[in-house]
Amino acid sequence: MMAVHLPYEHKYLRHKKKFPHVWCPGCGIGILMGSIIRAIIDLDWKKDDVVVSSGIGCTSRMPVYLDFNTLHTTHGRALAFSTGVKLANPTLKVITVMGDGDALAIGGNHIIHTARRNMDMTAIVVNNNNYGMTGGQFSPTTPEGARTSTTPYGMMEPNFDVCDLMSGAGATFVARGTVYHVMELDRIFKRAMEKKGFSVVEVLSPCPTSFGRANNQADPVDMMESLRDDTVTVKQATKMKQQDLEGKILRGIFRDVDVPEYLDRYEELCQRARERLEMNQ
Amino acid sequence: MKTDPAGVLTGTHYFDGDWACGEGAMAAGCRFVAGYPITPSTEVVERISGRFPTMGGTFIQMEDELGSMAAVVGAAWTGTKCMTVTSGPGFSLMMENIGLGAMMETPCVVVNVQRGGPSTGLPTMTGQADIMQARWGSHGDYELISLSPQSPQEAFDLVIEAFNLSELYRVPVMFMMDECVGHMTEKVIIPPAEEIEIVQRKLSDKSPEEYLPYDFEGKEIPEIIRAGDGYRFHTTGLTHDKRGYPVMSAECQEFNVRHLVDKIRQNADDIVRYDEEQIDGADVVVIAYGITARVTRMAIDMAREKGVKVGFMRLIVVWPFPEKRIRELAGNVKGFVVPEINYGQVVLEVERCAAGKSTTVGVPHGGGGVHDPEVILEAIMGAAQ
Ligand code: SF4
C-alpha cells in the first residue's frame, strides 16, 4: 500500500499563488492531479526537472496549479509541444495531460504519431465522455446513445476505445484507471512515468456538471459509484464469465512492451553520422 | 557574441537559397528544427537533416505543420534556438501556434518559401502573396517581424539576422523567401565563425523567487528563462499577468496585448531595415522586396536611360513597416511605385503612409513568375508624369 502524502502534495502545488481552481464541485480532475503528484513523489523526481504540458479544456487547466515547469498550449497540440521539449532537452521528465476531446479529436493525429515514434514521455488522457468546458458537447469517447448538448437525441456515432487505439498505434505502455480507484491510479501513473518509452494512461473521471446532468447522473456520488460498479480489473475479468463482463469497462495495464526508444535511436543515428563524417574527412 | 563554429561551413559555395537558408540557420546557432515536407521549401530541411546529427542538433519531421510549429515553440522553452520551414499551405496551418508563440513571447524563426496561392495554388512556382499573412495571419492582436531576402547570399545572412531579432524581441520571426530565391543557385560566401555576430539568448539572472516571466515596463522585452533551471514557470496562450497566470479580465487583456503590440511598434526604429539608392531628388521611388527587387532594378535602369529621376527603396525588414521613412518621402516625390507578386498588399501600406501627398501605384502580379520589367517601367513612366 502506498503511504498517505497529503502534506507533501501541497508542496507540489502553487497553492499560495493560483487557488481556488476552476473545477466544479464533484469533478474528478483534482483527484487525479493528486495521483500525478504522488507518483512523482514516489519516483523522487525533482520538481525542477518535471515539465507538464496541456492543451485546452477542463483537464488542461491543471498545469497552472502544479509547481513544475508548466506549458498550457493550444487545443489538441500538447503532445507536439511536449515532443519539442523532450527532444530539445532529453533530461527533462515530460508529462502531458489532456481531455478526451483534446487528445483524440483535434489532437488525434498527434497522439497516434507520438505513440508510433515512442519518445520517452507520459500522456494522461482524462476521459469524462464529453467536452466539459464548452458546455458538454459529444466527444470521440461519448458512449453510443448518451445525451450531450449536441446529441440531444442520443449519440449516434461509435466511440474510440483509447487503450485499443494507443496499443494499435504502438505506445509501449497502455493502461486505464479511474478516479474512484485512487491507490490503483497512483500505482499505474508511477509505472507509466518510469516506463522508458511512450506511455499512455486513460483515466475515467466524472463530469457531473456537463455529462452527468445530461444523463441523469447530476449527483457526483452516483457517478463515482458507477466507476466502482461498472469497471473490473483485467485480473478480475479473467475469472469472470462472458455474460458478467457485458457492459463492464476494464481497468489495469493492457500493454507493457520494450521497444527501442526514440531518443536512443536518434543518438545512435548521430553516432553513425559522426562516423561517416570522420571517414570522409 | 560570436557564433559556435560547429554550425559554420566557412568557404565559398554554390548554393540555392533553400540550402543557404539552412546553412544560415545552423551558423546562427539553431539546433532544433521541426518540419513537414512541402514544396518549394523542403530542401532547407533536407540540408539540415543531413548536417544536424554531427553538430548536436535535432531535426524531427512531424505529422503536420500544426505539430511542427508546436514542437518548435515547445523546444524554444528549453533555451534552444529553433526553426520551422514551410510554404503557403503549411504556413496557414502554422498560424495557430505562431499566435501561441507570439502570446507566450517565444523566440523562434518560421521560414516560408512562398509559392503561388491561394490554397494549393502553384506548388513549384513563385509568389509573394503571403506577406500580409506573415503580419497578422493568426487571430487576435500582435505584431511580429518579417524579413525578405533577395538572393541566396542574403538567405544566409538574413536568416542569422532573423534569429538575432527573435532573441532580442522574443517573437517568432517570419523569414519570407520566395520560390525564386529559394531555388536560385548563386555564389554564397560563408565567413569564418569568428566573424558571425549572433545574439545569444539572454537568460534572466534573477533568482527564481524574484523572477516573473512577463515583467516589463513599456516597450521593454521581458527576461526569459528555460525549463529545468529551477524557475518552474507557467506559460499559457490565455491572457496572463506578469506571473504568466491566466487572468480573465479586460484590464489584463489590455496589459497583455498592448505589450505584444508595443514591443514591436515602439521599437520599430531599431528593427526596420531597408536599402536606398538615389532617393534624393527622385521624382519616383520604387519600393520592392525579395525577388521583385531584382527585377525592379532592370526597370529602374531603363527608366533612368529615359531621363526619369527614379529612386529605389528595397525592403529588407517588411514588418514592422518603414512607416516613418515613407511619410518623410511623401510630398517630396511625385509617386511611389510598388511592384509585388500579389494583388496589392504592401502597396496598401505605402498608400496609407503616403497619405495622399504622393500618388501610389501598385504593379500587381498573380504569381507563377516574376514581373516583366517593361510593365514596371510603364508604371514608373506613368508615376513620373
Ligand atoms: S465541466 Fe465537467 S470536467 Fe469540467 S470542471 Fe466541471 S465537472 Fe469537471
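Calculation criteria
- Residues numbered from 1 in each chain as written.
- Chains lettered and ligands numbered in written order.
- Predicted model: local features only at pLDDT ≥ 70, side-chain atom pairs only at ≥ 80, totals over all residues.
- Helix = DSSP H or I, 4+ residues; strand = E, 2+ residues; numbered from the N terminus.
- Rg over C-alpha atoms; globule rule 2.2 N^0.38 Å.
- Buried ≥ 20, exposed ≤ 12 C-beta atoms within 10 Å, placed from the backbone.
- Contact = placed C-beta atoms within 7 Å.
- Core = buried A, V, L, I, M, F, W, Y, C linked by C-beta atoms within 7 Å.
- Near = placed C-beta within 6 Å.
- Pairing = 2+ DSSP bridges.
- Right-handed = clockwise from strand over helix to strand, strands pointing away.
- Domains from an automatic or database assignment.
- Nonpolar A, V, L, I, M, F, W, Y, C, P; charged D, E, K, R; others polar.
- Axes fitted to C-alpha atoms, helices over the stretch in contact; angles between N-to-C directions.
- Expected span 1.5 Å × (residues − 1).
- Arc of directions from axis to C-beta.

## Section: the overall build of chain B
Within chain B, the secondary structure is distributed over 13 helices and 16 strands. Whereas a compact globule of 385 residues would reach a radius of gyration of roughly 21 Å, chain B reaches 21 Å, a difference of no more than 12%. Within chain B, the fraction of its 385 residues that count as buried is 57%. Of all intrachain contacts in chain B linking residues separated by at least 6 positions in sequence, the fraction that spans at least 24 positions is 78%.

## A few points about the nonpolar core
Residue and element names in this part refer to chain B. The biggest cluster of nonpolar side chains holds 187 residues, and the ones touching the most others in it are Val109, Val159, Phe175, Val337 and Ile380. Not counting residues within four places of it along the chain, the set of residues in contact with Val109 comprises Ala25, Met83, Val159, Ala162, Phe163, Ser166, Val173 and Phe175. Ranked by size, the runner-up nonpolar core spans five residues in total, among them Tyr211, Ile225, Tyr231 and Phe233.

## Details of the site of the ligand
Around the ligand, a shell composed of Trp23(A), Cys24(A), Cys27(A), Ile29(A), Cys58(A), Asn128(A), Gly132(A), Met133(A), Cys207(A), Pro208(A), Thr209(A) and Ser210(A) is seen. Ranked by residue count, the leading element in the shell around the ligand is helix 9 (residues 208–214) of chain A, at three residues.

## Topic: the pairing of strand 2 (residues 32–35) of chain B
Residues and elements named next belong to chain B. Across the two faces of strand 2 the burial is the same, with Phe32 and Ala34 and Val33 and Gly35 all buried. Here strand 2 runs beside strand 4 (residues 82–86); their pairing, made up of two bridges, is parallel. Along strand 4, the bridge assignment pairs Phe32 with Cys82. Looking at chain direction, strand 2 and strand 3 (residues 58–61) are connected through four bridges and run parallel. The partner of Ala34 across the bridge, within strand 3, is Ile60. In this fold, strand 2 hands off to helix 2 (residues 42–51), which returns the chain to strand 3; that crossover is right-handed.

## Re the domain arrangement of chain B
Residues and elements named next belong to chain B. Per the domain assignment, the segments of chain B are domain 1 (5–195) and domain 2 (273–384). Computed from C-alpha atoms alone, the centre-to-centre distance between domain 1 and domain 2 is 27 Å. Contacts between the two partners involve 24 residues from domain 1 and, on the opposite side, 21 residues from domain 2. If you list the elements that add at least two residues to the side of domain 1 that touches domain 2, you get strand 6 (122–126), helix 5 (131–136), strand 7 (145–147), strand 8 (172–178) and helix 7 (179–183). Considering every element that reaches the side of domain 1 that touches domain 2, the biggest residue donor is helix 5, with four residues. Looking at the side of domain 1 that touches domain 2, its residues break down into 14 nonpolar, seven polar and three charged.

## Re the pairing of strand 16 (residues 359–364) of chain B
Residues and elements named next belong to chain B. Where strand 15 (residues 335–340) lies against strand 16, six bridges are found, and the strand directions are parallel. Residue Gly335 lies in a different strand from strand 16, and its bridge partner there is Thr359. Read as a crossover between parallel neighbours, the route from strand 15 over helix 12 (residues 346–354) to strand 16 is right-handed.

## Looking at the sheet that holds strand 13 (residues 310–315) of chain B
All names here are of chain B. Taken in spatial order, the five strands of this open sheet run 11-13-12-15-16, and their pairing is mixed. The sheet is open, and its two edges are formed by strand 11 (274–277) and strand 16, each paired on a single side. Direction aside, the axes of adjacent strands within the sheet are offset by 20 degrees on average. The pairing of strand 12 (residues 284–288) with strand 15 spans three bridges and is classified as parallel. Opposite Val286, over in strand 15, you have Val337 as the bridge partner. Where helix 10 (residues 291–305) meets the sheet, its contacts fall on strand 12, strand 13 and strand 15, and the angle it forms with strand 13 comes to roughly 175 degrees. Packing against the sheet, helix 13 (residues 373–384) makes contact with strand 12, strand 13, strand 15 and strand 16, and its axis sits at approximately 170 degrees to strand 16.

## Some thoughts on the sheet that holds strand 9 (residues 231–233) of chain A
Read from one edge to the other, the open sheet built from nine strands follows the order 9(A)-10(A)-7(A)-8(A)-4(A)-3(A)-1(A)-2(A)-10(B), with strand pairing classed as mixed. Strand pairing shows two members of the sheet lacking a second neighbour, strand 9 of chain A together with strand 10 (234–236) of chain B, which therefore form its edges. Strand-to-strand twist of the sheet, defined as the mean angle between neighbouring strand axes without regard to direction, takes the value 20 degrees. Pairing geometry for strand 7 (residues 173–178) of chain A and strand 8 (residues 199–204) of chain A, over six bridges, is parallel. Residue pairing in the sheet places Phe173(A) in a bridge with Ser199(A) of strand 8 of chain A.

## A word on helix 13 of chain B
Residue and element names in this part refer to chain B. Here helix 13 is 12 residues long and its end C-alpha atoms lie 16 Å apart, about the 16 Å a rise of 1.5 Å per residue gives. Residues Ile376, Leu377, Ala379, Ile380 and Ala383 constitute the buried set of helix 13. Along the axis of helix 13, the buried positions cluster into a sector of 160 degrees, meaning they face one direction only. Looking at the buried positions of helix 13, the neighbouring elements they touch are strand 12, helix 10, strand 13, strand 15 and strand 16.

## With respect to the interface of chain B and chain A
Contact with chain B, which involves 36 residues of that partner, is made by 37 residues of chain A. Mapped by element, the contributors of at least two residues to the side of chain B that touches chain A are strand 2, strand 3, helix 3 (65–76), helix 4 (88–104) and strand 10 of chain B. No other element matches helix 3 of chain B, which puts eight residues into the side of chain B that touches chain A. The residue inventory of the side of chain B that touches chain A, partitioned by class, reads 18 nonpolar, 13 polar and five charged. By the bridge criterion, three bridges tie strand 2 (residues 69–72) of chain A to strand 10 of chain B in an arrangement that is parallel. Each bridged residue has a counterpart across the sheet, and for Leu71(A) the counterpart in strand 10 of chain B is Thr235(B).

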